[in-house]
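If you want the building blocks of each chain, they are given just below.
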Amino acid sequence: MVCIIYIPTSVSKLTAVAWHGGPGAPCDPDGNNLPFGAPPPPRHDDEHNVWAPFTGQSQFLLADFLFRKVEMSAPNIDYLMELWAFETARYDGTSPFCSHKEAYEAIDSIRAGDVPWECLSVEPPDDLPAGAPTWKQNQYQVWYRNPDTVIKNMLDNPDFNGQFDYVPYVYTDGNGQRRWSNVMSGNYAWRQCDTIFEDDPTTEGATYVGVILGSDKTTVSVATGHVEYHPLYLSIGNPHNAVRRAHWNAVTPIGFLAIPKSDRKYDDDQEFRTFKRKLFHSSISAILQPLKSGMTTPVVRRCPDGHYRWVIYDLCAFIADYPEQVMLAGIVQNWCARCTALPEDLDGEGGRRTRELTDLVTRTLPSDVLWDQYGIDDDIVPFTNDFPRADIHAILTPDLLHQVIKGTFKDHLVQWTGEYLQAIHGAAHADEIMDDIDRRIAATPSFPGLRQFPHGRRFKQWTGDDSKALMKVYLPAVAEYVPEQLVRCLRSFLDFCYLVRRSELGEDTLHQAENALRSFHEEREIFKTSGIRPTGFSLPRQHSLVHYLRLIQEYGAPNGLCSSITESRHITAVKRPWRRSNRFEALGQMLLVKTH
Ligand SMILES: [Zn+2]
């Protein structure tokens, strides 16, 4: 069912929103329909006590003082409470807590919304021959928490009320132009709803909850070296993009995947690589199992507005940088996870990869042909194949941070421009020019939105924010030293970049971005003709830009799904707990940070 609602925004212009059905009808916790207009049930048993589970503000403040501010020991809390009870007994009163246990119980019940961490371990096979490499002998631990409970908590978050879409929609502006912003404004959610409701008409009217996953290895540096973690994050497509970017409860770690290590001699070992990929897929599949039944049979969940509704889960998007995409899509290195363009000419002809195509060719062609002609590693079965409707090739989303900002801009264009100056002017003169470019970048005037770089481009470690800030001042700093074609190349790329980074994009924006990309492809030839990139531009991250325009129509603005969101969660999910732990125990302790 589609209903069109016209919302007048001015006298002469109308914007239109077409909703994919109405918002799922509210029901009671058992799934029975509520009478029209019935208010949502209260969220807490004691709706009037905002300090629940504490009896009031003073009891809460006392618990906070004892536990967090002075970190008082349990015997001292007991002693203080006894003194307190002794004193207040004269007025028939009692102490705020009977003992430290009661205080801890009250504190723990605030945390009832947290989903506990669990561990699954992958054991080595029993029949392992003697002398097998250590990576085969090891036991691997995967820490995870129930994604269904995590989503239940996310849906039940009143903070998202008013910034949460219950149904996919098509938004058209006053000029009749389609516009894309939040995930539910994209075609993907709409199409999936069509499929779900067609496959099983009894699901019609359920609220679509698109599951967004993201994974990205991260390193925590400590005095004794580096420790790597591989967190898996979960979000859902209903909260608006701005909420997902800003609200830490909208993106939650649900797993820490195992990182098999081995001796250096196994670095290029095919069997070891396949083992790592299989472990990766089987771990994600195992973690997501609790969601599976809710992907075909709707479940009742409380929503941000306080109403219960039937909801249906669906795998919607996966945010990952290129090495992770290779692993996820089961493709050969240097191929594209979304299309079948040949790795030596990625921006050339290529059909769209789909689960059906992969299944078909995998059934009919031998492994070596799949590897050479389709870039498919048939040892890998993507985890998505374990779930209804999910296609890993379709759900890999754009990633502004790795593909545009760090990839094409910093790793390619800034690097190549430096190499170009060296090739044209020789090393010594190029160094002088680079110093002057650095001086110009350092001379950036103080202005809102512009960052100053006291040392030019010379950061110890480039972050995504460094690259974004440098983008704003780079072109004027180099323009004088490079030919016009190179200036046009940088300008076209920057145009593309700023257009696709918008929070809302219309059809006109997509046309402009398409033109900017075409121009960038023409003008970047200067790096080929000048010998900097004699082999051309068949680079997976740069190639991914050609898929942006379609993916924006699928998922809305790329900045709502960028890996910078999961990267910023590394700080709260991994790095801070790491500092709080004693740094000797591994993951287990980090996740099970005890309250007492
Ligand atoms: Zn492609």
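Scroll up a little and you will see the structure.
**Points about the overall build of the chain**
Here comes step 1: The helix and strand inventory of the chain stands at 21 helices and 14 strands.
Here comes step 2: The proportion of buried residues among the 596 residues of the chain is 48%.
Here comes step 3: Considering only contacts in the chain between residues 6 or more positions apart, those separated by 24 or more positions represent 67%.

**Some points on the pattern of salt bridges**
Here comes step 1: Enumeration according to the criterion identifies 20 salt bridges in this entry.
Here comes step 2: Here Glu228 and Lys261 are joined by a salt bridge, their closest N and O atoms 2.7 Å apart. Separated by 33 residues along the polypeptide, Glu228 in strand E9 (residues 225–229) and Lys261 in the loop between strand E11 (252–256) and helix H8 (270–288) bring together distant segments of the chain.
Here comes step 3: Here Lys261 falls in the partly exposed class, since its relative accessible area comes to 48%.
Here comes step 4: One salt-bridge network, held together by shared partners, links Asp436, Arg439, Arg440 and Glu480.

**Examining the nonpolar core**
Here comes step 1: With 72 residues, the main nonpolar core has Phe318 and Phe383 as its most contacted residues.
Here comes step 2: Take this core: its biggest share by element is eight residues, from strand E13 (residues 308–319).
Here comes step 3: Setting aside its immediate chain neighbours within four residues, Phe383 contacts Leu213, His281, Ile284, Ser285, Leu288, Leu315, Phe318, Leu328 and Ile392.
Here comes step 4: By size, the runner-up hydrophobic cluster in this structure holds 52 residues, among which are Trp180, Leu401, Tyr474 and Phe537.

**Structural notes on the coordination of the zinc ion**
Ideal values for angles at a metal depend on the geometry: 109.5 degrees with four tetrahedral donors, 90 or 180 degrees with six octahedral donors.
Here comes step 1: Within the protein, the atoms that donate to the zinc ion are Cys336 (SG), Cys339 (SG), His543 (NE2) and His547 (NE2), at distances of 2.0 to 2.3 Å.
Here comes step 2: Geometry at the zinc ion is tetrahedral, judged from its four donor atoms and the angles of 103 to 115° they form at the metal.

**Re the sheet that holds E11**
Here comes step 1: Across the sheet, which stays open at both edges, the seven strands sit in the order E3-E4-E11-E10-E7-E13-E12 with mixed pairing between neighbours. The open sheet has two edge strands, strand E3 (118–122) and strand E12 (299–302), and neither has a second partner. Between one strand axis and the next, the sheet turns by 35° as a mean value, whatever way the strands run.
Here comes step 2: Bridge count for E3 against strand E4 (residues 140–144) is five bridges, and the pairing is antiparallel. Residue Val122 lies in a different strand from E4, and its bridge partner there is Tyr140.
Here comes step 3: Across the face of the sheet, helix H5 (residues 147–155) comes into contact with strand E7 (207–215), strand E10 (231–236), E11, E12 and E13 while running at roughly 40° to E10.

**Focus on empty space enclosed by the protein**
Here comes step 1: Summed over the entire model, instances satisfying the criterion amount to two cavities of 30 Å³ or more.
Here comes step 2: Taken as a whole, the largest cavity holds about 120 Å³ of empty space.
Here comes step 3: Along the walls of the largest cavity sit 16 residues, with Gln325, Cys336, Arg338, Gln403 and Ser544 positioned nearest its centre.
Here comes step 4: Where the lining of the largest cavity is concerned, the elements lending two or more residues are helix H9 (322–329), helix H18 (540–543) and helix H19 (548–555).
Here comes step 5: Residues of the lining of the largest cavity, tallied by class, amount to eight nonpolar, six polar and two charged.
Here comes step 6: Of the pockets and cavities examined, the second largest cavity occupies roughly 70 Å³.
Here comes step 7: Around the second largest cavity, the lining residues are Ile212, Leu213, Gly214, Tyr233, Leu234, Ser235, Arg244, Val251, Ile319, Ile565 and Thr566.

**Let's talk about the pairing of E10**
Here comes step 1: For E10, the buried fraction is high: six of the six residues fall into the buried class.
Here comes step 2: The side-chain alternation of E10 yields two buried faces, one formed by Pro231, Tyr233 and Ser235 and the other by Leu232, Leu234 and Ile236.
Here comes step 3: Where E7 and E10 come together, five bridges link them in antiparallel fashion. Each bridged residue has a counterpart across the sheet, and for Ser215 the counterpart in E10 is Leu232.
Here comes step 4: Here E10 runs beside E11; their pairing, made up of four bridges, is antiparallel. Paired with Leu232 across the bridge in E11 is Gly255.

Calculation rules
- Residues numbered from 1 in each chain as written.
- Predicted model: local features only at pLDDT ≥ 70, side-chain atom pairs only at ≥ 80, totals over all residues.
- Heavy atoms only, no water.
- Helix = DSSP H or I, 4+ residues; strand = E, 2+ residues; numbered from the N terminus.
- Buried < 20%, exposed > 50% of the residue type's maximum accessible area, 1.4 Å probe, protein only.
- Contact = heavy atoms within 4.5 Å.
- Salt bridge = Lys/Arg side-chain N within 4 Å of Asp/Glu carboxyl O.
- Core = buried A, V, L, I, M, F, W, Y, C linked by side-chain atoms within 4.5 Å.
- Donors = N, O, S within 2.8 Å, 3.2 Å for Na, K, Ca; no water.
- Tetrahedral: all angles 85-135°; square planar, octahedral: opposite > 155°, others 65-115°.
- Pairing = 2+ DSSP bridges.
- Axes fitted to C-alpha atoms, helices over the stretch in contact; angles between N-to-C directions.
- 1 Å grid on protein atoms, 1.4 Å probe; cavity = no way out; pocket = protein on both sides within 12 Å on 5 of 7 lines; lining within 4 Å.
- Points joined across faces, edges and corners; volume = space filled by probe spheres on them.
- Nonpolar A, V, L, I, M, F, W, Y, C, P; charged D, E, K, R; others polar.

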